[in-house]
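# Structure assessment
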Amino acid sequence: MTTAAAQAPSRVQTPNPPPPGPVTPRPKPSRTSSLQSESGPTSKTASADASQTPAQSGGAAARRSARPAFPTTDPLSDKATALLIRRILCPQHIEKAKSAPAPIEELLPPLTSRNDVDLQLYALIAIILREYIQNWYNKITPDETFVAEIVQIIAHITRALEQRLRKVDLESLLFDEIPDLLDKHITAYRIAHDPITQAPIRTNAREIYHSLCPLPALTPVPRPEDPESVAQQAENEVAYRQLLVHAVLAILLPTEDLENGCLTALVGQIFSELIIGNSVANKLSEPWMILEMIIIATRTLGKRKAIEDENPSGRPGKGSSAGRRGLSSVQGLFWMVVHWCFLATSFIRLAFTVLMTTRSLPPRSSHSTAQRKNVVQHEVGLDSGPLKMPVLAFRCWSAISNLIEMDVRMPWLCGALSMVQWVTMTGPGRIAAVDGKLDR
């Protein structure tokens, strides 16, 4: 063992000494090979980049920056809406003139007197025709004449409907007839849900309501335990919608279009089932949809108010706490009284100015009055003609009173307002009578 140990150092010292010069350390073989295999492509790329001149690198950067970005067009914009209408309702015009397409107003008949409203209505019509007409009609024939005729009929209906709406007494409709229906609905609903009898002989509230306000489209009352009643009520509702739409089409459409049974039936199905049945009855009238629309509206208004009330400097306001402390003090109470006095003075001045300027106002037109018929004279064949009603006699006031139950909660206030209403309409001066100072 000593001999082997003595021979080992002699074997290490046998190689000749290296030549004079800088000594470079020799890396380990395994580490060097792994580093070379990993850095091979990177070194080639780096050498290639280094070999490029500054002009070449600048040209490559310019080419990269010149590449078109991803289109960020708003799908709800007017441009996207017009493109949707062209692609569905005017495909032949897109093929003929791709460079400078004609505006929508020149390609399609007007629906109303406003182009912005026509754009949105045509978008809705295009979606309905694409989903329910073209998906099966294009499998039969590529002819676009049938769809064009449907668009022409819909345009004729909307124009005639707009002309009739211009002649409607909106004042009487919004403030007298619709509130009258609402008042009757509220009264019937409360009677149906407050019966005289108690369980177990209590009648269903829906049956009581439908007995007070019978509607053909909602009879019979659907019961979950009776599938036949549910099916029959759905059939009656469909038949009522179709009768209603066909009665409207008979008034709005000309005779030559009514003679085309195929188009009339198809347009009637579009209005009765797709628009009234699917969109209005099954979606817009549902409680969840109404709540969703209210939430969206309040959220939008809240965002706008927050943006308007935001401090431009970005710092939180410091006047809120000081204002609270000021209101609790005598000085804050004094300024609050002064502000209320100024507000009352301004209100009295405004009311006096309005009463003085009503003399120069023209009388209410005959279209803004409620047109009511006397039932007794109608039964004997006599027509009483249109009657003018003052604004304070509209049913909207009684409907609001019935809705908030003013006669039950605050009967003194209800009686006082009724007295003021009667005095202003029939008392001295009759300032709230027909064409009176307040009525104008």
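Since the structure is predicted, the reported quantities are computational estimates derived from the model, not experimental observations.

The next thing to look at is the overall build of the protein chain. Regarding its fold elements, the protein chain presents 20 helices and 0 strands. Taking all 440 residues of the protein chain together, 22% fall into the buried category. Partitioning the intrachain contacts of the protein chain with sequence separation of at least 6 by distance along the chain shows that 55% fall at a separation of at least 24. Just so you have it, the protein chain exposes about 32,900 Å², and 64% of that area is on carbon and sulfur atoms.

Each α-helix turn comprises 3.6 residues. Residues three or four places apart therefore point the same way. At Ile 133, helix H7 (residues 115-140) shows its largest kink, close to 50°. Turning to H7, its buried residues number three or more, namely Asp 118, Leu 119, Tyr 122, Ala 123, Ile 125, Ala 126, Ile 128, Leu 129, Ile 133, Gln 134 and Tyr 137. Lining the buried residues of H7 we find helix H4 (78-89), helix H8 (145-166) and helix H13 (261-284).

Turning our eyes to something else, we now look at H8. Compared with an ideal rise of 1.5 Å per residue, which puts 22 residues at 32 Å, H8 spans 32 Å between its outermost C-alpha atoms and is within 8% of the ideal. Along H8, the positions that sit buried rather than exposed are Phe 146, Val 147, Ile 150, Val 151, Ile 153, Ile 154, Ala 155, Ile 157, Thr 158, Ala 160 and Glu 162.

This paragraph deals with the packing of aromatic side chains. Under the criterion given, the structure shown has 3 aromatic pairs. Taken together, a centroid distance of 6.0 Å and an interplanar angle of 90° make the contact between Trp 136 and Tyr 137 edge-to-face. Summarising the aromatic geometry, the rings of Phe 334 and Trp 335 are spaced 5.5 Å apart at their centres and angled 65° between planes, so their arrangement reads as edge-to-face. In textbook terms, an aromatic cluster arises when at least three aromatic residues are bridged by ring pairs, as seen for Trp 136, Tyr 137 and Phe 146.

Moving on, we get to the pattern of salt bridges. The tally for this structure, following the rule as stated, stands at 10 salt bridges. In this structure, the salt-bridge partner of Asp 116 is Arg 114, at a minimum N-O distance of 2.7 Å. A salt bridge links Arg 166 to Glu 162; the nearest nitrogen and oxygen atoms lie 3.0 Å apart. Of this pair, Arg 166 and Glu 162 both sit in helix H8, 4 residues apart, which is roughly one turn of that helix. For Arg 166, a relative accessible area of 59% corresponds to the exposed category. Overlapping salt bridges bring together Asp 180, Lys 184 and Arg 395 as one network.

Moving on to the layout of surface pockets. Its volume calculated, the largest pocket comes out at about 530 Å³. Elements represented by at least two residues in the lining of the largest pocket include exactly H7, H8, helix H11 (227-252) and H13. Looking at the lining of the largest pocket element by element, the count peaks at 6 residues for H7. In the lining of the largest pocket, the residues fall into 19 nonpolar, 2 polar and 1 charged.

Turning our attention to the nonpolar core. Counting residues in each nonpolar core, the largest one holds 36 residues, and the members touching the most others are Ile 85, Leu 89, Leu 108, Tyr 122, Leu 129 and Ile 150. When residues of this core are traced back to their parent elements, those giving at least two are H4, H7, H8, H11 and H13.

One can expect most non-glycine residues to show negative phi and most peptide bonds to be in trans. Cis geometry marks the peptide bond from Thr 219 to Pro 220, where omega comes out at -5°. Even without being a glycine, Glu 405 presents a positive backbone phi close to 55°. Here Glu 405 is to be found in the loop between helix H18 (395-403) and helix H19 (406-409). Among the residues examined, Glu 405 registers a relative accessible area of 25% and is labelled partly exposed.

It is at 8 Å that the axes of helix H9 (residues 170-192) and H18 come closest, and there the two elements cross at 25°. As summarised for this structure, H9 and H18 are arranged roughly parallel, according to the angle between their axes. Handedness of the H9/H18 crossing: left-handed. Where H9 abuts H18, its residues Phe 175, Asp 176, Pro 179, Asp 180, Asp 183, Ile 186, Thr 187 and Arg 190 lie against Arg 395, Cys 396, Ser 398, Ala 399, Asn 402 and Leu 403. Residues of the contact of H9 with H18, tallied by class, amount to 6 nonpolar, 3 polar and 5 charged.

Summary statistics for the protein chain give a mean pLDDT of 75 and a share of 71% for residues scoring 70 or more. Low pLDDT, under 50, characterises residues 313-320; the stretch is placed with 2 contacts to residues that sit more than four places away or in other chains. The model gives residues 366-385 a pLDDT under 50, and that stretch makes 29 contacts with residues more than four places away or in other chains.

A cluster of nonpolar residues, Ile 276, Val 280, Leu 284, Ile 290, Leu 291, Met 293, Ile 294 and Ile 295, forms a patch on the protein surface that exposes about 640 Å² of accessible area. Listed by contribution, the elements that provide at least two residues to the nonpolar patch are H13 and helix H14 (287-309). Per-element tally for the nonpolar patch: the top contributor is H14, with 5 residues. Within the secondary structure, Leu 291 sits in helix H14.

Calculation rules
Residues numbered from 1 in each chain as written. Predicted model: local features only at pLDDT ≥ 70, side-chain atom pairs only at ≥ 80, totals over all residues. Heavy atoms only, no water. Helix = DSSP H or I, 4+ residues; strand = E, 2+ residues; numbered from the N terminus. Buried < 20%, exposed > 50% of the residue type's maximum accessible area, 1.4 Å probe, protein only. Contact = heavy atoms within 4.5 Å. Areas by Shrake-Rupley, 256 points an atom, 1.4 Å probe, with all protein chains shown as cover. Bend = angle between axes of the 7 residues up to and from the residue. Expected span 1.5 Å × (residues − 1). Phe/Tyr/Trp six-rings, centres within 6.5 Å; stacked < 30°, edge-to-face > 60°. Salt bridge = Lys/Arg side-chain N within 4 Å of Asp/Glu carboxyl O. 1 Å grid on protein atoms, 1.4 Å probe; cavity = no way out; pocket = protein on both sides within 12 Å on 5 of 7 lines; lining within 4 Å. Points joined across faces, edges and corners; volume = space filled by probe spheres on them. Nonpolar A, V, L, I, M, F, W, Y, C, P; charged D, E, K, R; others polar. Core = buried A, V, L, I, M, F, W, Y, C linked by side-chain atoms within 4.5 Å. Axes fitted to C-alpha atoms, helices over the stretch in contact; angles between N-to-C directions. Parallel < 35°, antiparallel > 145°, perpendicular 65-115°, else oblique. Left-handed = near helix turned anticlockwise from the far one by under 90°. pLDDT = per-residue confidence, 0-100. Patch = residues over 30% accessible without salt bridge, like charges linked within 9 Å, V, L, I, M, F, W, Y side chains within 5 Å.

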